[in-house]
Amino acid sequence: MFLAANTVLLIYLAAAIVPAVILMNYVYKQDKRDKEPIGLLGMCLLMGICAALLSIAGEGAGMYALNLAQIDQTTPLYIMVLAFGVVAVVEEGAKLLFLYLKTWKSPYFDYKFDGIIYAVFVSLGFAAFENIKYVFSYGLSVALPRAVLAIPGHMTFAVVMGVFYGRAKYLENHGKPGKWLYIFLGWFFAVLLHGFYDTCAMLGTAESSLVFSVFIIFMYLLVFGLIKRESNQDYKLN
């Protein structure tokens, strides 16, 4: 009985975590200039978990404020405000906060592509923690859809944020203005993508499902295209 229970537990954990591990390994291998220390990447994963925990509190406060606005919860407007103004804003903001706190002043942050590496590891730490909650709450039936949709989604938002994050670091290192603008733009575009993803997923209409399918194709093309381009065009920040 004990062995069977442990086997089931390991299966659930593997189903929740393995997709994130595969994507982290892929992005790590695209770092062709100077590999990041495993210890720092492990801390980025931990920061992602911290961001997930902070998001639980932030989203709770956001939903409370949204309910005070007395918007009809059956309307598309409510879903859009929830997706963009609460979930996306809070989650991407929490990721960016812990990303910045852990990596901005790191001496290892010396190449532009590092911004993507760090952002992806924080985001996939977040996604893995979130995935564990979903798999243990709803069973293995959600594991495959989340592996091909939600986990790559979080990576996409992170890559977009990381592109701007690396450029912001370059500007600061060279004494040029625009650091905070680029950091803001990274967060802003991550919020737009995240909010659009969640809106389509939550609306549940035939039209939104069609748009969501097209968006998923766009998302995959965008994220792997950006990773390849940024890896090939990497340069030192100092």
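The preceding data block contains the structure.
Residues numbered from 1 in each chain as written. Predicted model: local features only at pLDDT ≥ 70, side-chain atom pairs only at ≥ 80, totals over all residues. Heavy atoms only, no water.

1. Some points on the overall build of the chain
Here is step 1: Within the chain one finds 8 helices and 0 strands.
Here is step 2: For the chain, the sequential pattern of α-helices and β-strands runs α-α-α-α-α-α-α-α.
Here is step 3: Over its C-alpha trace the chain gives a radius of gyration of 18 Å, about what one expects of a compact globule, namely 18 Å for 238 residues.
Here is step 4: With the C-alpha coordinates of the chain rotated into their principal frame, the extents come out at 50 × 50 × 30 Å.
Here is step 5: Taking as baseline every contact in the chain between residues at least 6 positions apart, the subset at least 24 positions apart corresponds to 81%.
Here is step 6: Split by element, the accessible area of the chain, about 11,600 Å² in all, is 72% carbon and sulfur.
Here is step 7: Side chains of the chain give 17 positive and 15 negative charges; the mean places of these two sets differ by 9 Å. (Helix = DSSP H or I, 4+ residues; strand = E, 2+ residues; numbered from the N terminus. Rg over C-alpha atoms; globule rule 2.2 N^0.38 Å. Contact = heavy atoms within 4.5 Å. Areas by Shrake-Rupley, 256 points an atom, 1.4 Å probe, with all protein chains shown as cover. Lys, Arg positive; Asp, Glu negative; His and termini not counted. Charge placed at Lys NZ, Arg CZ, Asp CG, Glu CD.)

2. Observations regarding the pattern of salt bridges
Here is step 1: Applying the stated criterion across every chain, the model contains 8 salt bridges.
Here is step 2: A salt bridge links Glu-230 to Arg-167; the shortest N-O distance between them is 3.1 Å. Of this pair, Glu-230 sits in helix α8 (residues 206–232) while Arg-167 sits in helix α6 (residues 150–173), placing them 63 residues apart in sequence.
Here is step 3: Among the salt bridges present, the one from Lys-169 reaches Glu-172, with a minimum N-O distance of 4.0 Å. With Lys-169 and Glu-172 both in helix α6, this residue pair falls 3 residues apart, about one helical turn.
Here is step 4: Its relative accessible area of 7% is what places Lys-169 among the buried residues.
Here is step 5: Overall, the relative accessible area of 33% leaves Glu-172 in the partly exposed class.
Here is step 6: Where salt bridges share partners, they join Lys-112, Arg-167, Arg-229 and Glu-230 into one cluster. (Salt bridge = Lys/Arg side-chain N within 4 Å of Asp/Glu carboxyl O. Buried < 20%, exposed > 50% of the residue type's maximum accessible area, 1.4 Å probe, protein only.)

3. So, the packing of helix α3 (residues 76–103) against α6
Here is step 1: Interhelical geometry of α3 versus α6 gives an angle of 50° and a closest axis separation of 12 Å. By the angle between their directions, the pair α3 and α6 is classed as oblique. α6 is crossed by α3, and the crossing has right-handed handedness. Where α3 abuts α6, its residues Glu-91, Glu-92, Lys-95, Leu-96, Leu-99, Tyr-100 and Thr-103 lie against His-154, Phe-157, Met-161 and Tyr-165. (Axes fitted to C-alpha atoms, helices over the stretch in contact; angles between N-to-C directions. Parallel < 35°, antiparallel > 145°, perpendicular 65-115°, else oblique. Left-handed = near helix turned anticlockwise from the far one by under 90°.)

4. Overview of the environment of Tyr-78
Here is step 1: The residue Tyr-78 is located in helix α3 in this model.
Here is step 2: Measuring from C-alpha to C-alpha, the distance between Tyr-78 and Asn-67 comes to 9.4 Å, with 11 residues separating the pair along the chain.
Here is step 3: Among the polar contacts listed, one links the side chain of Tyr-78 to the side chain of Asn-67, at a separation of 3.5 Å. (Polar contact = N/O pair within 3.5 Å; in protein donor to acceptor, adjacent residues only side chain to side chain.)

5. Structural notes on the layout of surface pockets
Unfilled space is identified by rolling a water-sized probe across the atoms.
Here is step 1: By volume, the largest pocket is sized at about 630 Å³.
Here is step 2: What lines the largest pocket is a set of 28 residues, and nearest its centre among them are Val-87, Glu-130, Tyr-134, Arg-146 and Asp-198.
Here is step 3: Those elements giving two or more residues to the lining of the largest pocket turn out to be α2 (38–68), α3, α4 (112–138), α5 (143–148), α6 and α7 (179–203).
Here is step 4: For the lining of the largest pocket, the residue count by class is 18 nonpolar, 4 polar and 6 charged. (1 Å grid on protein atoms, 1.4 Å probe; cavity = no way out; pocket = protein on both sides within 12 Å on 5 of 7 lines; lining within 4 Å. Points joined across faces, edges and corners; volume = space filled by probe spheres on them. Nonpolar A, V, L, I, M, F, W, Y, C, P; charged D, E, K, R; others polar.)

6. As for the packing of aromatic side chains
Here is step 1: Summed over the entire model, instances satisfying the criterion amount to 21 aromatic pairs.
Here is step 2: Between Tyr-197 and Phe-212, the ring centres sit 5.1 Å apart and the planes meet at 70°, which makes this aromatic pair edge-to-face. With Tyr-197 in helix α7 and Phe-212 in helix α8, this pair connects stretches of sequence that are 15 residues apart.
Here is step 3: On the accessibility criterion, Phe-212 (14% relative accessible area) is buried.
Here is step 4: Cation over ring: Lys-169 sits above Trp-104, and NZ or CZ is 5.0 Å from the ring centre. (Phe/Tyr/Trp six-rings, centres within 6.5 Å; stacked < 30°, edge-to-face > 60°. Lys NZ or Arg CZ within 6 Å of the ring centre and 35° of its normal.)

7. Notes on a nonpolar patch on the surface
Here is step 1: Taken together, the side chains of Met-43, Leu-46, Ile-49, Leu-53 and Ile-56 present a nonpolar region at the surface, about 390 Å² in accessible area.
Here is step 2: Relative to the elements of secondary structure, Leu-46 occurs in helix α2. (Patch = residues over 30% accessible without salt bridge, like charges linked within 9 Å, V, L, I, M, F, W, Y side chains within 5 Å.)

8. Here we look at the packing of α6 against α7
Here is step 1: Where α6 contacts α7, the axes come no closer than 7 Å and their chain directions differ by 170°. Of the possible angle classes, the one that applies to α6 and α7 is roughly antiparallel. On the side of α6, the interface is formed by Ala-150, His-154, Thr-156, Phe-157, Val-160, Met-161, Phe-164, Arg-167, Ala-168, Leu-171 and Glu-172, while α7 contributes Lys-179, Tyr-182, Ile-183, Leu-185, Gly-186, Trp-187, Phe-189, Ala-190, Leu-193, His-194 and Tyr-197.
Here is step 2: Taken together, the residues of the contact of α6 with α7 break down into 15 nonpolar, 4 polar and 3 charged.

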